[in-house]
Amino acid sequence: MIELYTASTPNGWKASIALEELDLPYTVRPIALSKGEQKEEWYLKLNPNGRIPTIVDHDNGDFAVFESGAILIYLAEKTGKLMPRDEKGRSQVLQWLMFQMGGIGPMMGQANVFYRYAPEKIPYAIDRYQRECRRLFEVLDRQLKDHEYLAGEYSIADIANWSWVHTHEWSGASVDGLSHLQRWLAAIKARPAVARGRVVPERLDLGTNKEQFIKGAQKMLA
Ligand SMILES: N[C@@H](CCC(=O)N[C@@H](CS)C(=O)NCC(=O)O)C(=O)O
């Protein structure tokens, strides 16, 4: 059995969607980010970075894995699914996974901070991160023009990128005119395992809980 420490955020969804896609049995331990649970001593022993997600594989000597990208690779290698085993196919998946880890995630994360949570609105910072998000979306769109998925078959690279990109409105970054990206966003959203993983540990409805969510994020960032 795998234990997943998580919260309703893009990095958390990567792990829960992968667990659902792989049909692996798991239990969920929600982490209250606005209360700072992720910085408590017991949790730092599992995740030295004090962030979610983390998994502990109780079928593998209670082995703990932190960093969402490393979690996706661990689960893919454990099951032999969602990532090809041949050298080139594996490398292509890892390239698009790293693109998310080093680009999409950090840029959308900073766009959220400056556009949604910062008490002081700094136009240069908002514009900088939103424009960089849009540039990265255009890179994805170009790749998806000739490819159904980012790297061969549906893989952990799609799960990682989708988990962030489908929240583009929250970052204030548009996907207008990017028809290939829009097609891919809709196709992945329609997967039953994605729908199940996306509501772990709870459904996040920013339409109705917007103010409450912003307050929680501001508390976490303070
Ligand atoms: N590089 C890390 C980033 C994880 C991350 O930033 N998680 C956020 C939620 S999406 C978090 O735990 N924030 C809590 C905090 O900053 O204290 C990963 O991919 O796992």
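A few points on the structure. Remember, it's a predicted structure, so these values are computed and weren't measured experimentally. Each residue is numbered by its place in its chain's sequence as written, counting from 1. The model is predicted, so local features are restricted to residues of pLDDT at least 70 and side-chain atom pairs to those at 80 or more, both for listing and for counting; the totals for chains, interfaces and linings are taken over all residues. The basis for every side-chain value is the complete set of heavy atoms in the structure, and neither hydrogens nor water enter the calculation.

### What to know about unusual backbone geometry
What you tend to see is this: most non-glycine residues have negative phi, and most peptide bonds are trans. With omega at 5°, the peptide bond leading from Ile-52 into Pro-53 counts as cis. For the peptide bond that leads from Val-200 to Pro-201, omega is -5°, which places it in the cis range. Within the element layout of this structure, Pro-201 appears in the loop between helix H9 (192–197) and helix H10 (206–221). In this model, Asp-62 sits at a positive phi of 55°, which is unusual for a non-glycine residue. Under the DSSP-based scheme used, a helix requires at least four consecutive residues in state H or I and a strand at least two consecutive residues in state E, with every element numbered from the N terminus. One can find Asp-62 in the loop between strand S3 (54–57) and strand S4 (63–66). On the accessibility criterion, Asp-62 (48% relative accessible area) is partly exposed. The backbone of Leu-82 shows a phi angle near 65°, a positive value even though the residue is not glycine. Tracing the sequence through the fold places Leu-82 in the loop between helix H3 (68–79) and helix H4 (87–117). For Leu-82, a relative accessible area of 15% translates into the label buried. Only protein chains enter the accessibility calculation, which uses a 1.4 Å probe; a residue is then buried when its area is under 20% of its type maximum, exposed when over 50%, and partly exposed in between.

### Regarding the environment of Ala-160
Structurally, the position occupied by Ala-160 is in helix H6 (residues 156–165). Spatially, the C-alpha atom of Ala-160 lies 13 Å from that of Ala-76, the residues being 84 residues apart in sequence. Residues are treated as being in contact if the distance between any of their heavy atoms lies within 4.5 Å. The residues touching Ala-160, leaving out its near neighbours within four places in the chain, are Lys-14, Leu-72, Leu-97 and Gln-100.

### Examining the packing of H4 against H10
Two quantities define a packed helix pair, namely the angle between the helix axes and the distance between the axes. Between N-to-C directions, angles cover 0 to 180 degrees, with each direction set by a line fitted to C-alpha atoms, over the stretch in contact for helices. The geometry of H4 relative to H10 is characterised by a closest axis approach of 11 Å and an angle of 115° between their N-to-C directions. H10 is crossed by H4, and the crossing has left-handed handedness. Taking contact as the criterion, the partners of Val-113, Arg-116 and Tyr-117 in H4 are, on H10, Lys-210, Phe-213, Ile-214, Ala-217, Gln-218 and Leu-221. Each residue is assigned to one class: nonpolar for Ala, Val, Leu, Ile, Met, Phe, Trp, Tyr, Cys and Pro, charged for Asp, Glu, Lys and Arg, and polar for all the others, Gly among them. Across the contact of H4 with H10, the residue classes tally to 6 nonpolar, 1 polar and 2 charged. In this scheme the handedness of a crossing depends on how the near helix is turned from the far one: anticlockwise by less than a right angle means left-handed, clockwise means right-handed.

### Side note on the site of the ligand
Being near a molecule or strand, for a residue, means having at least one of its heavy atoms within 4 Å of it. Around the ligand, 13 residues are found, and the nearest of them are Gln-38, Lys-39, Ile-52, Glu-67 and Ser-68. Definition of a polar contact: a pair of N or O atoms within 3.5 Å, with one able to donate and the other able to accept a hydrogen when the atoms are protein atoms, and with sequence-neighbouring residues admitted only if both atoms are side-chain atoms. A distance of 3.0 Å is found between an oxygen atom of the ligand and a side-chain nitrogen or oxygen belonging to Arg-51. Contact between the ligand and Ser-68: an oxygen atom at 2.6 Å from a side-chain N or O atom of the residue. Each accessible area value is a Shrake-Rupley result obtained with a 1.4 Å probe; residue values ignore everything except the protein chains displayed when judging cover. For the ligand, whose free accessible area comes to 510 Å², the fraction covered by protein is 84%.

### Description of the packing of aromatic side chains
Aromatic pairs are defined between Phe, Tyr and Trp rings, using the six-membered ring for Trp, whenever the two ring centres lie within 6.5 Å; interplanar angles under 30 degrees are classed as stacked, those over 60 as edge-to-face, and all others as tilted. Per the stated rule, a full pass over the model turns up 10 aromatic pairs. Of note, Arg-191 hangs over the ring of Tyr-154, and the distance from its end group to the ring centre comes to 3.6 Å. Over a ring means this: the NZ of a Lys or the CZ of an Arg is within 6 Å of the ring centre and within 35 degrees of the ring normal.

Scope: geometric values only; no functional claims are made or implied.
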